[in-house]
Amino acid sequence: MEKQSRGPREGARRSSLRVLAARVMPVDGADESLARWLVPAVLIGVVAGAGAAALFGLLHLCTGWLLESVAGYRPYRTSADGGFRTLTESGRPWAVPLVAAGGALVATVFALWLAPEARGHGTDAAIAAAHHDPTGMRGRVTVVKLVASALTIGSGGSGGTEGPAAQISAAFGSVIARRTGMSRQQARTAVVIGLAAGVGAIFDAPFGGALLGAELLYRRSMDARVLPKAVIAAVAGWLVFGACHGFDPVLGHPTGGLGGAGGLLLVVLVGFAAGGAGRLYTACFYLVHTRVGERVRRLPGRIAAPTVAALLVGGLGLLVPGVLGTGYGLLEALTRRNVLLDLPLAVVLALPLAKIAGTALSVGSGGSGGIFGPGMVVGAGVGAAVWRLAEPLGIAPHSPLVPVAVGMAACLGPVAHAPLGVTVMVAEMLGDASLLGPALLAVGAASAVTGGTTLYRSQVDRIEDEPGTPAAVPPGTPPLPPHQAGPAPDGPVAVPLPPTLVVPQNPLDGVTGRVE
């Protein structure tokens, strides 16, 4: 009798949820005003901030337990992560590669068991979902991605926190859209603002995150329509994250100026060099990603590839600082003149290449972690190297802050096709709005080098190319007579992508399409 009554009760519960959603959320056919989006944007932002805070805290614990206590390796630490700290090398160097491999092994098995789509860098999966199946992301991805990423990065794998944060919050946006009966276009908006809120929260950069949400889906355009909703969600996420871990900029408050005409020339040089590094970073990542996808088909191979890669990354991290973990602590270290001058020049020159290799191995092999943050580390290494080479010549500013900051923006912004979002995010991470002008100049120089290179292959060229966008009517075409026009469709008309814009399937993903 209980089983017979459970069905009607469940149906009534779902019906009540739909009625409530129709009153406070932009369900299919409802008002699309910003006021109508206020509740879901705040809700998505709050969950995004909570997810980012949980990821930050769990990563801190895993780093302390695994990399520091077991392996004896204390990496650079940011001001936001308990106070700035320089690197302390391990007294048990043999343990570092073993800990990194062990963390990657456990994380990979965990992800393959519960949610194979949680592997990889996360941001591209969120972009693909927004374009092709915005209601198809599973809720369990949030937990699996959080744990797998914390284990992978906390044990020494080279990866960023933004990819996991983006996929976690985008998945929640997808779940809300599915449960409340949003239309495809509304569900896409929910996924995008979730992505923006997650990235903005984990970097304490709400406005950069909001701009990123508007830019990141496309190579040659941006969707300004989602920007007001993304700002609301990102600010809500930032408030929640800040309530848990503080509101100070991630990289503290370093000081430094441009240094006159010589500094301006240095900014342009850093931009060109960082653009080249961005192209190299993208090429190396997808070289490993594609080779592993082509050669690793069976389950044992999918487990072994990230494990062996982590073993290699652990060894590389013993040679070059900043390779292990996120490398965000190294970002702050490079903005400090005394720390940068204490590093051997050979090590400074090797930093960008080592971080490229480490991230390509850790994440390209199927490990769980982001590739957005490591791109900033690569760019910062380029800026630090240029400053070190120019400093003895007397043409560099006293502080390396500006070259390092503009390198962060110039390496990542053009290849992510999010120049505004990344530039604003860098300024927020360093708490210095005066960096915006030099960073945009460097991004412009870098864009001349990167061309159409993209770090996220799920991006489409323009809004008009997005699946579900109505086909454009050629200019000059006369309208159809009323008796031939036919009834207007209820929603967007789905049109297939041109062959050049078909997004390749990720061979490392265990599932494709919508999974209930």
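What you see is a predicted model, and the numbers here were worked out from it, not measured in a lab.

### Some words on the pattern of salt bridges
Inference 1: Evaluation of the coordinates by the stated rule reveals seven salt bridges.
Inference 2: Among the ionic pairs, Glu391 bridges to Arg337, the shortest N-O distance being 3.1 Å. Of this pair, Glu391 sits in the loop between α15 (372-390) and α16 (401-416) while Arg337 is found in helix α13 (residues 337-342), placing the two residues 54 residues apart along the sequence.
Inference 3: The class of Arg337 is partly exposed, set by a relative accessible area of 26%.
Inference 4: Among the charged side chains, a network of salt bridges with common partners joins Arg188, Asp223 and Arg225.

### Points about the packing of helix α3 (residues 95-114) against helix α5 (residues 140-154)
Inference 1: The contact between α3 and α5 brings their axes to 8 Å, and the two run at 170°. Here α3 lies roughly antiparallel to α5, going by the angle between them. Residues Gly103, Val106, Ala107, Phe110, Ala111 and Leu114 of α3 pack against Arg140, Val144, Val147, Ala148, Leu151 and Thr152 of α5.
Inference 2: The class makeup of the residues in the contact of α3 with α5 is nine nonpolar, two polar and one charged.

### Remarks on the nonpolar core
Inference 1: Within the largest apolar cluster, 111 residues are counted, with the highest numbers of intra-cluster contacts made by Phe203, Leu334, Phe372, Met376, Met408, Val422 and Met425.
Inference 2: Apart from the residues lying within four places of it in its own chain, the contact partners of Met425 are Val199, Phe203, Ala205, Gly208, Gly209, Leu212, Phe372 and Met376.
Inference 3: Membership of the second largest hydrophobic core comes to 16 residues, among which are Ala48, Ala196, Ala197 and Ala230.

### Thoughts on the confidence of the model for the chain
Inference 1: Mean pLDDT over the chain: 85, with 84% of residues reaching 70 or higher.
Inference 2: pLDDT under 50 marks residues 470-516. Its contacts with residues more than four places away, or in other chains, come to 49 contacts.

### Overview of unusual backbone geometry
Inference 1: Even without glycine at this site, Asp204 takes up a positive phi of about 50°.
Inference 2: Here Asp204 is to be found in the loop between α7 (184-202) and α8 (206-215).
Inference 3: Residue class for Asp204 comes out buried when judged on its relative accessible area of 7%.
Inference 4: Within the chain, His417 stands out as a residue other than glycine whose phi angle is a positive 55°.

### Brief notes about the packing of aromatic side chains
Aromatic rings considered in pairs are described by the distance between their centres and by the relative angle of their planes.
Inference 1: According to the stated counting rule, one finds five aromatic pairs in the structure shown.
Inference 2: Where Trp238 meets Phe247, the ring centres are 5.1 Å apart and the plane angle is 70°; that geometry is what we call edge-to-face.
Inference 3: Among the residues examined, Trp238 registers a relative accessible area of 24% and is labelled partly exposed.
Inference 4: For the pair Phe285 and Tyr286, a centre-to-centre distance of 5.0 Å together with 80° between the ring planes defines the contact as edge-to-face.
Inference 5: Residue class for Phe285 comes out buried when judged on its relative accessible area of 1%.
Inference 6: According to the relative accessible area criterion, Tyr286 is buried, its value standing at 6%.
Inference 7: Among the aromatic residues, ring-to-ring pairing joins Phe203, Tyr328 and Phe372 into one connected group.
Inference 8: Note that Arg336 overlies the ring of Phe84, its terminal NZ or CZ placed 4.0 Å from the centroid.

The rules behind each value
Residues numbered from 1 in each chain as written. Predicted model: local features only at pLDDT ≥ 70, side-chain atom pairs only at ≥ 80, totals over all residues. Heavy atoms only, no water. Salt bridge = Lys/Arg side-chain N within 4 Å of Asp/Glu carboxyl O. Helix = DSSP H or I, 4+ residues; strand = E, 2+ residues; numbered from the N terminus. Buried < 20%, exposed > 50% of the residue type's maximum accessible area, 1.4 Å probe, protein only. Axes fitted to C-alpha atoms, helices over the stretch in contact; angles between N-to-C directions. Parallel < 35°, antiparallel > 145°, perpendicular 65-115°, else oblique. Contact = heavy atoms within 4.5 Å. Nonpolar A, V, L, I, M, F, W, Y, C, P; charged D, E, K, R; others polar. Core = buried A, V, L, I, M, F, W, Y, C linked by side-chain atoms within 4.5 Å. pLDDT = per-residue confidence, 0-100. Phe/Tyr/Trp six-rings, centres within 6.5 Å; stacked < 30°, edge-to-face > 60°. Lys NZ or Arg CZ within 6 Å of the ring centre and 35° of its normal.

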